[in-house]
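Summary of structural features
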Amino acid sequence: MTEKLTRKNFWIIAANSTASFVLAYLLVFYLNQFSYILTGGMYDFPVTIDYATYFFHIEPWQWTHDSVILIFSAGYIVTMFLGLLSLLAFFQLVADAMPVKIFFFWVSIHAFTYVFVGLMLGNLLTEGIGHVFNWMYLADTAKMIISLLGFFGLLMTALFAPRMIALSANSYFERFNEKNAPFVITAQVLVPFLIGSVLVYVYFVPKNLFHEKYGWIVLTAMMIIFFIRARLMDDLMFEEDDTRNIRLMKGLIIFLAVFYAGSRILLANGITFG
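Notes on the structure follow. (Residues numbered from 1 in each chain as written. Predicted model: local features only at pLDDT ≥ 70, side-chain atom pairs only at ≥ 80, totals over all residues. Heavy atoms only, no water.)

Side note on the packing of aromatic side chains
For the structure on display, the rule yields 30 aromatic pairs. Measuring from centroid to centroid gives 5.2 Å for Phe90 and Phe91, while their planes differ by 80 degrees, and the two rings are edge-to-face. Through successive ring pairs, a cluster of aromatic residues spans Tyr25, Phe29, Tyr30, Tyr51, Tyr203, Phe204, Phe255, Phe259 and Tyr260. Directly above the ring of Tyr51 sits Arg264, whose terminal nitrogen or CZ lies 3.6 Å from the centroid. (Phe/Tyr/Trp six-rings, centres within 6.5 Å; stacked < 30°, edge-to-face > 60°. Lys NZ or Arg CZ within 6 Å of the ring centre and 35° of its normal.)

Concerning the packing of helix α1 (residues 7–42) against helix α6 (residues 181–204)
In the contact formed by α1 and α6, the axes pass within 7 Å of each other and the chain directions differ by 45 degrees. With respect to each other, α1 and α6 are oriented oblique. The handedness of the crossing between α1 and α6 is right-handed. A per-class count over the contact of α1 with α6 returns 20 nonpolar, 7 polar and no charged. (Axes fitted to C-alpha atoms, helices over the stretch in contact; angles between N-to-C directions. Helix = DSSP H or I, 4+ residues; strand = E, 2+ residues; numbered from the N terminus. Parallel < 35°, antiparallel > 145°, perpendicular 65-115°, else oblique. Left-handed = near helix turned anticlockwise from the far one by under 90°. Nonpolar A, V, L, I, M, F, W, Y, C, P; charged D, E, K, R; others polar.)

So, α1
A rise of 1.5 Å per residue sets the reference length of α1, with its 36 residues, at 52 Å; its end C-alpha atoms lie 53 Å apart and thus fit the reference within 8%. Of all the 36 residues making up α1, 26 are buried; the element is thus mostly covered by neighbouring parts of the structure. One or two positions beyond α1, positive phi appears at Asp44, with a value near 60 degrees. (Expected span 1.5 Å × (residues − 1). Buried < 20%, exposed > 50% of the residue type's maximum accessible area, 1.4 Å probe, protein only.)

Considering the sheet that holds strand β5 (residues 271–273)
Strand order in the open sheet formed by 3 strands is β2-β1-β5, with antiparallel pairing between adjacent strands. Strands at the two margins of the open sheet, each flanked by one partner only, are β2 (54–56) and β5. Shown here is a sheet whose adjacent strand axes are inclined to one another by a mean of 20 degrees, direction ignored. When strand β1 (residues 47–49) meets β2, the two strands line up antiparallel, connected through 3 bridges. Considered in β2, the bridge of Val47 is made with Phe56. (Pairing = 2+ DSSP bridges.)

Describing the side chain of Ser147
Along the chain, Ser147 turns up in helix α5 (residues 140–168). Residue class for Ser147 comes out buried when judged on its relative accessible area of 17%. Here the side chain of Ser147 touches Met120 through a polar contact of 3.2 Å, landing on its backbone oxygen. Setting aside its immediate chain neighbours within four residues, Ser147 contacts Leu119, Met120 and Asn123. (Polar contact = N/O pair within 3.5 Å; in protein donor to acceptor, adjacent residues only side chain to side chain. Contact = heavy atoms within 4.5 Å.)

Let's talk about the nonpolar core
Ranked by size, the top nonpolar core spans 87 residues in total, and within it Phe56, Phe72, Phe105, Phe176 and Phe204 carry the most contacts. A total of 16 residues in this core trace back to one element, the largest contributor, which is α1. (Core = buried A, V, L, I, M, F, W, Y, C linked by side-chain atoms within 4.5 Å.)

Some remarks on the environment of Leu266
Relative to the assigned elements, Leu266 resides in helix α8 (residues 250–266). Take Leu266: its relative accessible area is 60%, and that puts it in the exposed class. Residues Leu266 and Leu138, spaced 128 residues apart in sequence, show a C-alpha to C-alpha distance of 40 Å.

These results come straight from atomic positions and should not be treated as a statement about function.
In structure tokens form, the structure reads like this:
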């Protein structure tokens, strides 16, 4: 096993996970953008989306209680569903030596973070789920309960994530123990989080929204909990698999590069629907 703990293998694993991190984030973001197009169309509301924002071309008086609730909650519902599906996909693949399951790990992390941050900070957000809470005229007790649900959802995600990373180590190694744990965690999580965060920030410059700023603060806090929790992980032994080797996921990396540059250029000036 120690012969696999090389600098080359480290950066191959890190590249796979970083590409998955960024692609998963963009998937969650554009899923929400698509939800605005779809639900806005149900009310014949013209909407413009670009690489970072959305804008409804209607007068303030055209908003109704039903339209606000549906349009600004649909994205969170669909994102939560995506997170659950990704979690299911991860555990369906967990026994196989397939590095692609790290993509499903990051999709579930980004999806749950997006939803639970919205719930926890819903009363502060100036868009998205914040509109729903404003139009529901909730009592302070109800708002506090929703915020607590968001907080505990984030906490459970952070506490459960290290187990998923330990299980994902079978994509490259026959076991997960104290010898390779720092190698795996740094390559699979720490480096992708740092580099991926920079790539996502660059993608959205100069438009970085309120929700995204707070989302990164919360995600950073979750990573701190993750690393504290990861130090307590038990050793794991995986089944032998002849297909197990450390290889670059070229298809995923190429797709990310094309989508990253293509979507940023195509949506630079926005596209109007409806």
